[in-house]
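Chains, contacts and geometry: an overview
Listed here are the chains, written in short residue letters.
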Amino acid sequence: MGYTVALTGNPNTGKTSLFNALTGSNQHVGNWPGVTVERKEGRFRMGDGEVKVVDLPGIYSLGAASLDEEIAADFLLRSRPDLAIVVADGSNLERSLYLAVQMLETGTPLVLALNMMDAAAEKGITIDVEKLSALLGIPVVPTVARRKEGIEDLKKRVLDELKNRTAPLNSFALPYGERLGPLFDEMEAFLTTKPELIPGLPARTAAVKFTEGDSVVLAAAESAGLLPALESILSGSGAAVESALGYDLQTAVIERRWGFVSGVTAEAVTRDLSLKTRLSLSDRIDRVVTSRTLGLPLFFLVTWAIFRLTYALGDPLVEIFGGLFESLGERSAGFLAAAGLSDVMVSFIQDGLIGGVGSVVVFFPHIFILFAFIAVLEDSGYMARGAFVMDRVMHLMGLHGKSFIPMLMGFGCNVPSMMATRILERPRDRMITLLILPFMSCSARLPVFVLFSGAFFGPHAGTAVFSLYILGIVVAVGAAKILGSTLFKGESSQLVMELPPYHIPSAGMVFRHAWERGFLFLQKAGTFILLSVVAVWALASLPWGVEYGSEESLVGSIGKVLAPLFQPAGFGFWQAAVALFFGFLAKEVVVGTFGALLGAGEAGLAAALPTLFTPLSAYAFLVMTLLYVPCVAAVAAFKRETGSWKWTFFMIAYTTLVGYGGAVLVYQGGRLLGLG
Amino acid sequence: MGAFGGCCGTVTEKTLSSLAVGEGGVVSKIGGDGGLKRRILEMGLVPGTEIRVERKAPLNDPVSVWFRGYELSLRVDEANAVFVRPKGCAGCSGGCR
């Protein structure tokens, strides 16, 4: 029969490596119901036992502080897996044991994987595995997941526990001391007369968790109608305990738990103090990396290098992919036309289907390369340092230190930058960053800026282009401030972040992470992009027989209807509306569309554009191009990262309104100043 | 901040954010609101924990603290919720209760 095992542990304990080592390539990535947090599952077999392993987001404790952590805590408390593997960092046992002890209290059968034993040995730390196992009352298996050491032993112990444990592990009782103990006795006595608050959770643990203010237990108590009774115990006996201890009950519970953890650690761990001087390598690196003078410049240098390298390495690949799909489209078109297919069908296959698939695949190189760099940053420990040095600046805008990385990447392409928001743990930080990213001027907008600026602003073309980049940043910062104090007002932003010791990232992990992200993009965002490309193709080709994207096509008709709307912005003619419409496919398409509509090649465009635009309306049009809805691929990436159509439509609507408002403001303002 | 009355006599309690780099102390209490307070406590900053300010970011915010064998960074307004007393009193942390 199959078992379900949860894999849990602190961040930076090598949990992902352990998951990979346990399940190999036998993995599946899905989503937790209703949210965007990824749910990773894998399987392993041993003998006749088959085990499903659910990899939970890294947590420090069951008291959830973010969405990821809520999911992990909820799964552990409510879904009650058959067993949980708690991954501990052998080189920092004390910190890892807090979660293990909390898990012990829940009564879930546990196996403790003592990972990173190599790092522990390097630090001169010896752990008495037998003693630790005896003190906690659970099997403890030393592992080095990165070198796949101890994995078979871990599997064996997990299956042993699953097969041989007849009763749930309910015997563990943390010594809460002579003051808290009687209080919990009283609450436990009360709770045992009622149905279980959370199925499977021991009554005493429910009492402890209620006292420390655990939201899951609090909610369960409320829906069971036990809230008033439990609260009256706390305000009676609890208050007496509080005044005797000198601090509140929540502090008292957590302090006792840490006290127990320290005690166990002291008994099981011995440190070779002679090695202490050697282990400050991390510290020596940090002296430079987080220093007052070098900290920020170094961070800018690193992020700038990643920015340059991602696009320098990715662009040639994108061109190869693009060329491949173009020639594939042309060849199939030739072949299909020869086979007697109608022009419409040939165009559908060439421009719609093959063009659509091509427009998905071209993003793969950038996503792959960027996520390889991100994996290196995260795995090495530098990401946390970057967030540390940048946080003050980003926090002024209501953002997190790590938000800087996606924002910078946005100047290359909004798609990988939106995916990079995954480095932000808290949903608030992630949402705000996602919502302002479309304003970062991606490289696809540059050809439009260059064309128009060259045509209208002569010697000042460079300044005009530069001003648009600055405008994008200003709008993004303003939007972050406004969103933070309106839609996301209630949610506080937190840092409280570990600075893990540096270590050398493993090539395998980096490759795996990059491949996974790229592949998931193709899989999840691909359909949406493909359908949109086909829809645009249909609008440009219907009714049958019209020239693609011409005045007579549906797009042309829509353009004519919309044109008057753009009158206040100075470009109230249908060609502009059609160009903006096609810009939704990819912003650089705006240039090609004008070329086709004005019957001029890209070279002749600079001369043809002034028949439609004045310099002022041209600038207004560029402001619109900069700020309005990002391309279809960015929208798909946004949907993929938020998992919400509601937020996706909000983003489309608000960016377009901001773009339109900006364009109108520029045009009308310019006219008032006598520039028109 | 106020004074800390205990077996060590009257000792001035300081916030974690007011300590200079290299300065240490013993956590005496965690203030602040629900979510943040619980988070700080569960990360191991409970009364009686010995801490040392390890470094400050280039703009003096956030600060980074060393305790229980690892390093944790907190924004200044988060570190304001952590109260510490001088390390000299560490020996009596048990007896104070």
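Note that the coordinates shown come from a computational prediction; the quantities given were computed from them, not determined experimentally. (Residues numbered from 1 in each chain as written. Chains lettered and ligands numbered in written order. Predicted model: local features only at pLDDT ≥ 70, side-chain atom pairs only at ≥ 80, totals over all residues.)

All names here are of chain A. Secondary-structure assignment places Val141 in strand 8 (residues 140-142). Sequence separation between Val141 and Val158 is 17 residues, and the spatial gap between their C-alpha atoms is 9.8 Å. Filtering out sequence-adjacent residues up to four positions away, Val141 remains in contact with Val111, Ala113, Leu114, Gly150, Asp153, Leu154 and Arg157. (Helix = DSSP H or I, 4+ residues; strand = E, 2+ residues; numbered from the N terminus. Contact = placed C-beta atoms within 7 Å.)

Each partner contributes to the interface: chain B provides 32 residues, whereas chain A provides 34 residues. Breaking the side of chain B that touches chain A down by element, the ones donating at least two residues are strand 4 (24-30), helix 1 (34-42) and strand 7 (70-74) of chain B. At 8 residues, the largest contribution of residues to the side of chain B that touches chain A is made by helix 1 of chain B. A breakdown of the residues in the side of chain B that touches chain A according to their chemical character gives 14 nonpolar, 7 polar and 11 charged. Note that strand 10 (residues 497-498) of chain A and strand 7 of chain B share 2 bridges and pair antiparallel. Bridging across to strand 7 of chain B, A:Met497 finds its partner in B:Ser73. (Nonpolar A, V, L, I, M, F, W, Y, C, P; charged D, E, K, R; others polar. Pairing = 2+ DSSP bridges.)

Residues and elements named next belong to chain A. Ranked by size, the top nonpolar core spans 219 residues in total, and within it Leu7, Val86, Leu112, Ala113, Ala620, Phe621 and Leu622 carry the most contacts. Considering every element that reaches this core, the biggest residue donor is helix 15 (residues 364-380), with 11 residues. Per-domain counts for this core show at least three residues from each of domain 1 (2-164) and domain 2 (177-249). With residues up to four places along the chain from it excluded, the contact list for Ala113 reads Leu18, Ile85, Val87, Ala88, Val141, Thr143 and Leu154. (Core = buried A, V, L, I, M, F, W, Y, C linked by C-beta atoms within 7 Å. Buried ≥ 20, exposed ≤ 12 C-beta atoms within 10 Å, placed from the backbone. Domains from an automatic or database assignment.)

The sheet built from 7 strands is open, its strands ordered 10(A)-7(B)-6(B)-5(B)-4(B)-8(B)-3(B) with antiparallel pairing. Strands at the two margins of the open sheet, each flanked by one partner only, are strand 10 of chain A together with strand 3 (14-15) of chain B. Strand direction decides the pairing type here: strand 3 of chain B and strand 8 (residues 82-85) of chain B, joined by 2 bridges, are antiparallel. Bridge assignment links B:Thr15 to a residue of strand 8 of chain B, and that residue is B:Phe83.

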